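Summary of structural features
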Amino acid sequence: ALQPVPMTSGGYHQLRVQTVAPGSLYERLGFEPGDVILSVNEQPVHEASNPLWDALEKEREVRVRVIRRGGLAKHFTYRFSD
């Protein structure tokens, strides 16, 4: 599940991964509890716009940027084939 955090982007609260259930999509994507999702394919992620699910359904390549444990941004790239 995602929850809003105090940090904002464009006046909207950014989203943090609250929990990662075993076998869930968040686990399969390599996310950890506490990860703040900054962007998906260079589009900001916040409480008013979360392009993650749409991108995973429609794009062949999905790039995600997160902040993990308050450190530097971590980048994930997922490539899908038919």
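Only a predicted model underlies this, so the values are computations on that prediction, with no experimental measurement involved.

1. Brief notes about the side chain of Gln14
- Along the chain, Gln14 turns up in strand β2 (residues 12-17).
- What Gln14 contacts, discounting residues up to four positions off in sequence, is Gln3, Pro4, Val5, Met7, Thr8, Ser9, Val36, Leu38, Val45 and His46.

2. Topic: unusual backbone geometry
- Its identity is not glycine, yet Asn41 carries a phi of approximately 50°, on the positive side.
- Relative to the helices and strands, Asn41 is located in the loop between β3 (36-40) and β4 (43-44).
- Even without glycine at this site, Glu42 takes up a positive phi of about 70°.

3. Some details on the pairing of strand β1 (residues 2-9)
- In this structure, β1 lies alongside β2, joined through five bridges in antiparallel fashion. Bridge pairing links Ser9 to Tyr12 in β2.
- Where β1 folds back on β2, the antiparallel hairpin that results is connected by two residues, among which Gly10 adopts a positive phi of roughly 60°.

4. Considering the environment of Val17
- If you trace the backbone, Val17 turns up in strand β2.
- A sequence separation of 14 residues divides Val17 from Phe31, and the C-alpha atoms of the two residues are 7.6 Å apart.
- When neighbours within four sequence positions are excluded, Val17 is seen to be in contact with Ala1, Leu2, Tyr26, Phe31, Glu32, Pro33, Gly34, Asp35 and Ile37.

5. Considering the confidence of the model for the protein
- Mean pLDDT over the protein: 92, with 100% of residues reaching 70 or higher.
- The spread of mean pLDDT over the elements of the protein runs between β1, the lowest at 87, and strand β5 (residues 61-67), the highest at 97.

6. Quick word on the environment of Arg28
- In this fold, Arg28 is placed in helix α1 (residues 25-28).
- For Arg28, a relative accessible area of 68% puts it in the exposed group.
- At a separation of 3.3 Å, a polar atom in the side chain of Arg28 contacts the main-chain carbonyl oxygen of Gly23.

7. Concerning the packing of aromatic side chains
- For the coordinates displayed, the defined rule picks out four aromatic pairs.
- Aromatic side chains Tyr26 and Trp53 sit 5.6 Å apart centroid to centroid with 55° between the ring planes, which places their arrangement in the tilted category. Remark: Trp53 occurs in helix α2 (residues 52-58) and Tyr26 occurs in helix α1; sequence separation between them is 27 residues.
- With a relative accessible area of 11%, Tyr26 lands in the buried category.
- The structure contains a cluster of three or more aromatic residues connected by ring pairs, namely Tyr26, Phe31, Trp53, Phe76 and Tyr78.

How each quantity is defined
Residues numbered from 1 in each chain as written. Predicted model: local features only at pLDDT ≥ 70, side-chain atom pairs only at ≥ 80, totals over all residues. Heavy atoms only, no water. Helix = DSSP H or I, 4+ residues; strand = E, 2+ residues; numbered from the N terminus. Contact = heavy atoms within 4.5 Å. Pairing = 2+ DSSP bridges. pLDDT = per-residue confidence, 0-100. Buried < 20%, exposed > 50% of the residue type's maximum accessible area, 1.4 Å probe, protein only. Polar contact = N/O pair within 3.5 Å; in protein donor to acceptor, adjacent residues only side chain to side chain. Phe/Tyr/Trp six-rings, centres within 6.5 Å; stacked < 30°, edge-to-face > 60°.

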